[in-house]
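Spelled out, the chains give:
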Amino acid sequence: MLSIDNLHAQVEGKGILNGINLDIKPGEVHAIMGPNGSGKSTLSTVIAGHEDYEVTKGSLLYQGVDISDLSADERAHLGIFLSFQYPVEIPGVTVTNFIKTAINETRKGQGLEEMPANVMLKKIKEKAKLLSIDTQFLSRSLNEGFSGGEKKRNEIFQMAMLEPKLAILDETDSGLDIDAMRVVANGVNTLRNDENAIIVITHYQRLLDYIVPDFVHVLHEGKIVKSGGKELAIELEEKGYDWIKQAI
Amino acid sequence: MDLQEKLVASYMAQTSTSEDSKRMAKLRSTAIETFEQQGFPNKKMEEWKYTPLNKLVKTDYTVFPKKIKNVTLTDVQRFILHDVDTYKIVFVDGVYSSFLSETTHEGMDVCLLSAALSQPKFRKVIEQYFDAVADSEDSFTALNTAFGREGAFVHIPKKKRVEKPIQIIHFSTGVNQNLMLQPRNLVVVEAQSEVQIIERHQSLSDTAVLTNVVTEIFTHKGAQVDYYKIQNDREEASLVDSTYIHQEKHSHAKVHTFSFGGQFIRNNLHFYHKDQAIQSTMKGITLVEGKQLVDHHTLVHHAHPNSESHQEYKGIYDGQSTGVFNGKIVVEQEAQKTNAFQQNNNILMSDKATINTKPQLEIFADDVRCSHGCTIGQLDETALFYLQTRGIPKKEARALLTYAFANNVLASVNIPAVKARINTLIAKKLGVHLGFNL
């Protein structure tokens, strides 16, 4: 599904990714861990298509197609979704209107008709229930005055609505208490299937107790320096990142 | 002969044929003298520093339209609000159009100023109110006082809530080259009454037109006036709009100005408090591009205690457009416990757009709350990226953020049909279709 080969990327002339190799197949969950400043968020931003991030070397293939020249919305139309570490507040646009616009613009981009209002409404209700979101929440301005937990739940709600093929969850656990994390993780697990893939970016191992990865990769100075199974995350938690740094 | 000389000469020519009362004749001759002495404002004047008039005053405008062109409903229908029942006072090239209008004299007067000026039964009202709040020293206003013979006349008696909004629309057809229009509107709302008014100036061709409109509004004790200005004219049209509002105790005057189109727009919006416990609200959205210029000059004159004023103007400037905002708040020594709030937020969508924004507070009382703020920024790049990752293309994402930015100004629009129209105009201006209204 996603095939990254020797990927180098820079922002404002500064190289942040220095040769990433990553291969993700449908149905897999990959966790990317690493210390602060190792390039975790950059990698997710580059995959999602931020125009300030320039791919200078290597290739980024999604479903066999080079997507490095596509805009973020075009990548979204192909099924790539990024859950933000810091979701943006948009006063004056309700959650419902926002998700309707996102869905219909995505459908337009895919050459489909707009989703009928009643189908949309039913789907919104169903997915809101999955994430324990009450209907009052849906008529509030997007992320404005939301708690950390509400923001993250709202991100996963959008993921549930848009049904991406590749979802990247950037530090979804940051700012969440254990109950909120359970709700969010439960939502993500319900959306897992054999056809989609998930990249979980996290600093700590605790989220991986709930969203269990098939592979764990450790990022350091813009490169993947170690890969393994879920036990690698536990080892990291015990030994800390210095262990990896020394091992290099 | 320059435009100023031409206007003075034209004034001389018209006086011989007019049917003005003695008082009116005196008012007009004093006004033309004021204009003759002052001439058009220039950039050396603080009030006009960022608003060059050179191009306008070099145009050879015609003051008296010679030709008449009939318009059909089809020509103008799209500029008139239809999805709400309204009174309409409509003018074409400065001349009243009875076929497009819907006026009334039942329990109130919603009609033409020319009728009010000429009929004896209106003499008292005219004597009391005409030119009573307008700034007679302002040269554009003086020019209008000298020439203004036609416009809307609205007189609401006491304790009347006018159910239907009133639309005041001035069309210009372009059959007369470079027409200069000088409409004059007079609105008198007696105690405890309420009225909603929508004003629009619309050119129907690509011929240059300059409108110098003066509106006087009197809001008596406990009266409420809800006024909407829709400025979405063609790019050859220019507008100088001076609105003067007289407010009595417990009155609330509210003016929304939506400036989307036109080559040059100058809004002078003045509120004068004549008693205590008054509310003045002015809100605006400016959304321009190309080489358009929009200037908002507001003045709130707090002269008595316990009153409030709220100003909120949002500006979005693209291309090489220019914006000016000057918000003057005067709080006299007597006006203790005044609460004055002013906010002007701007987004520059291009490197070549300009905004000059200036709060101007003159406070002589010591127990007051006055807050003001202005910001100039760009659309948030992170927010744009966020929307794009949700499948919303850049153009639509920019539009959505622009909507979000302007949203709280629209929240106070009380006529749903106006709100819907403004939504449509914004979407059209931004070249998008969004599946929802704010």
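Residues numbered from 1 in each chain as written. Chains lettered and ligands numbered in written order. Predicted model: local features only at pLDDT ≥ 70, side-chain atom pairs only at ≥ 80, totals over all residues. Heavy atoms only, no water.

**Student:** Account for the overall build of chain B, naming residues and giving values.
**Tutor:** A count of helical and extended segments in chain B gives ten helices and 20 strands. When the backbone C-alpha atoms are referred to their principal axes, chain B occupies close to 70 × 55 × 45 Å. Taking all 438 residues of chain B together, the buried fraction comes to 61%. The long-range fraction of contacts in chain B, counting pairs at least 24 apart against all pairs at least 6 apart in sequence, stands at 84%. (Helix = DSSP H or I, 4+ residues; strand = E, 2+ residues; numbered from the N terminus. Buried < 20%, exposed > 50% of the residue type's maximum accessible area, 1.4 Å probe, protein only. Contact = heavy atoms within 4.5 Å.)

**Student:** Explain the interface of chain A and chain B to me, and be specific about the residues and the numbers.
**Tutor:** Listed per partner, the contact involves 32 residues of chain A and 22 residues of chain B. In total, chain A and chain B occlude about 2,200 Å² of area from one another, counting both sides; carbon and sulfur atoms represent 65% of this. On the surface where chain A and chain B come into contact, there are two salt bridges. Note that Glu155 of chain A and Arg390 of chain B form a salt bridge whose closest N and O atoms lie 2.6 Å from each other. Inspection of the chain A/chain B interface yields nine residue pairs in polar contact (both at pLDDT 80 or more). Looking at the side of chain A that touches chain B, the elements with two or more residues in it are helix H1 (40-48), helix H2 (72-77), strand S6 (80-83), strand S7 (90-94), helix H3 (95-109) and helix H6 (148-162) of chain A. With six residues, H3 of chain A is the largest single contributor of residues to the side of chain A that touches chain B. Looking at the side of chain A that touches chain B residue by residue, the classes come out as 16 nonpolar, twelve polar and four charged. (Buried area = accessible area lost by both parts, 1.4 Å probe. Salt bridge = Lys/Arg side-chain N within 4 Å of Asp/Glu carboxyl O. Polar contact = N/O pair within 3.5 Å; in protein donor to acceptor, adjacent residues only side chain to side chain. Nonpolar A, V, L, I, M, F, W, Y, C, P; charged D, E, K, R; others polar.)

**Student:** Explain the pattern of salt bridges residue by residue, including any values.
**Tutor:** What the rule picks out here adds up to 27 salt bridges over all chains. Between Glu51 of chain A and Lys394 of chain B there is a salt bridge, with the nearest N and O atoms lying 2.7 Å from each other. Of the two residues, Glu51 of chain A sits in the loop between H1 and strand S4 (53-62) while Lys394 of chain B sits in helix H9 (residues 394-410), which places them in two different chains. Between Arg161 of chain B and Glu194 of chain B there is a salt bridge whose closest N-O contact spans 3.3 Å.

**Student:** Quick one: what's the story with the packing of aromatic side chains, residue by residue and with numbers?
**Tutor:** In this structure the tally under the stated criterion is 15 aromatic pairs over all chains. Between Phe98 of chain A and Tyr386 of chain B, the ring centres sit 6.1 Å apart and the planes meet at 10 degrees, which makes this aromatic pair stacked. Placement of Phe98 of chain A in helix H3 and of Tyr386 of chain B in helix H8 (residues 381-389) is noted, with the two residues assigned to different chains. For Phe98 of chain A, a relative accessible area of 0% corresponds to the buried category. Here the aromatic rings of Tyr11 of chain B and Phe147 of chain B are separated by 6.0 Å at their centres, their planes lie at 85 degrees, and the arrangement is edge-to-face. With Tyr11 of chain B in helix H1 (residues 3-15) and Phe147 of chain B in helix H7 (residues 139-147), this residue pair connects regions lying 136 residues apart in the sequence. We classify Tyr11 of chain B as buried; its relative accessible area is 4%. (Phe/Tyr/Trp six-rings, centres within 6.5 Å; stacked < 30°, edge-to-face > 60°.)

**Student:** Break down the environment of Ile201 of chain A for me, with residues and values.
**Tutor:** Residue and element names in this part refer to chain A. In this structure, Ile201 sits in strand S10 (residues 197-202). By relative accessible area, which is 1% here, Ile201 ends up buried. When the C-alpha positions of Ile201 and Gln158 are compared, they lie 18 Å apart, and in sequence the two are 43 residues distant. Dropping the residues within four chain positions of it, Ile201 is found in contact with Ile32, Lys40, Ser44, Ile168, Leu169, Asp170, Glu171 and Thr172.

**Student:** So what about the state of the cysteines? Which residues, and what values?
**Tutor:** Note on terminology: disulfide describes a covalent bond linking the sulfur atoms of two cysteines. Residues and elements named next belong to chain B. Within the structure shown, the criterion is met by zero disulfides over all chains. In this structure Cys370 is not part of a disulfide, and its nearest cysteine sulfur, from Cys374, lies 15 Å away. Of the residues examined, Cys370 reaches a relative accessible area of 24% and is grouped as partly exposed. (Disulfide = S-S within 2.5 Å.)

**Student:** Give a detailed account of the side chain of Ser83 of chain A, specifying residues and quantitative values.
**Tutor:** One can find Ser83 of chain A in strand S6. When residues no more than four places from it in sequence are discounted, the contact partners of Ser83 of chain A are Glu155, Ile156, Ile168, Leu169, Asp170 and Thr172 of chain A together with Arg390 of chain B.

**Student:** Outline the pairing of strand S11 (residues 237-247) of chain B, listing residues and values.
**Tutor:** Residue and element names in this part refer to chain B. Across the eleven residues of S11, eleven count as buried, placing the element largely inside the fold. Going residue by residue along S11, you find Ala237, Leu239, Asp241, Thr243, Ile245 and Gln247 tucked away on one face and Ser238, Val240, Ser242, Tyr244 and His246 tucked away on the opposite face as well. With eleven bridges connecting them, strand S9 (residues 209-219) and S11 associate as parallel partners. In the sheet register, Asn212 faces S11, and the bridge partner there is Val240. Of the strand pairs in this sheet, S11 and strand S13 (residues 264-273) are connected by ten bridges, and their pairing is parallel. Looking at S13, one finds that Ile245 is bridged to Phe271. (Pairing = 2+ DSSP bridges.)

**Student:** Could you give an account of unusual backbone geometry, naming the residues involved and the relevant values?
**Tutor:** All names here are of chain B. The phi torsion at Lys159 lies on the positive side, around 50 degrees, for a residue other than glycine. By the element assignment, Lys159 lies in the loop between strand S4 (152-156) and strand S5 (166-172). Residue Asn306 is not a glycine yet carries a positive backbone phi of 60 degrees. Within the element layout of this structure, Asn306 appears in the loop between strand S15 (293-302) and strand S16 (308-317). Under the relative-accessibility criterion, Asn306 is labelled partly exposed at 40%.

**Student:** Go over helix H2 (residues 22-38) of chain B, please, and point to the residues and values.
**Tutor:** Residues and elements named next belong to chain B. Taking 1.5 Å of rise per residue, 17 residues should cover 24 Å, and H2 covers 24 Å from first to last C-alpha, within 8% of that figure. All buried positions along H2 are accounted for by Met24, Leu27, Arg28, Ala31, Ile32, Thr34 and Phe35. Here the buried residues of H2 occupy an arc of 155 degrees about the axis, which is enough to place them on one side. In this structure, H2 carries Lys22, Lys26 and Gln37 as exposed residues pointing more than 90 degrees from its buried face. One or two positions beyond H2, positive phi appears at Gly39, with a value near 65 degrees. (Expected span 1.5 Å × (residues − 1). Arc of directions from axis to C-beta.)

**Student:** Let's hear about the sheet that holds strand S12 (residues 223-228) of chain A: which residues, and what values?
**Tutor:** Strand pairing within a sheet occurs via backbone hydrogen bonds; the two strands may be parallel or antiparallel. Residue and element names in this part refer to chain A. The mixed open sheet is built from six strands, whose spatial order is S6-S9-S10-S3-S11-S12. Whereas interior strands pair on both sides, the edge strands pair on one side only; in this sheet they are S6 and S12. Geometrically, the sheet is characterised by an average inter-axis angle of 20 degrees between neighbouring strands, direction not taken into account. Relative to S10, strand S3 (residues 29-33) is paired through five bridges, and the arrangement is parallel. By the bridge assignment for S10, Val29 is matched with Ile198. (Axes fitted to C-alpha atoms, helices over the stretch in contact; angles between N-to-C directions.)

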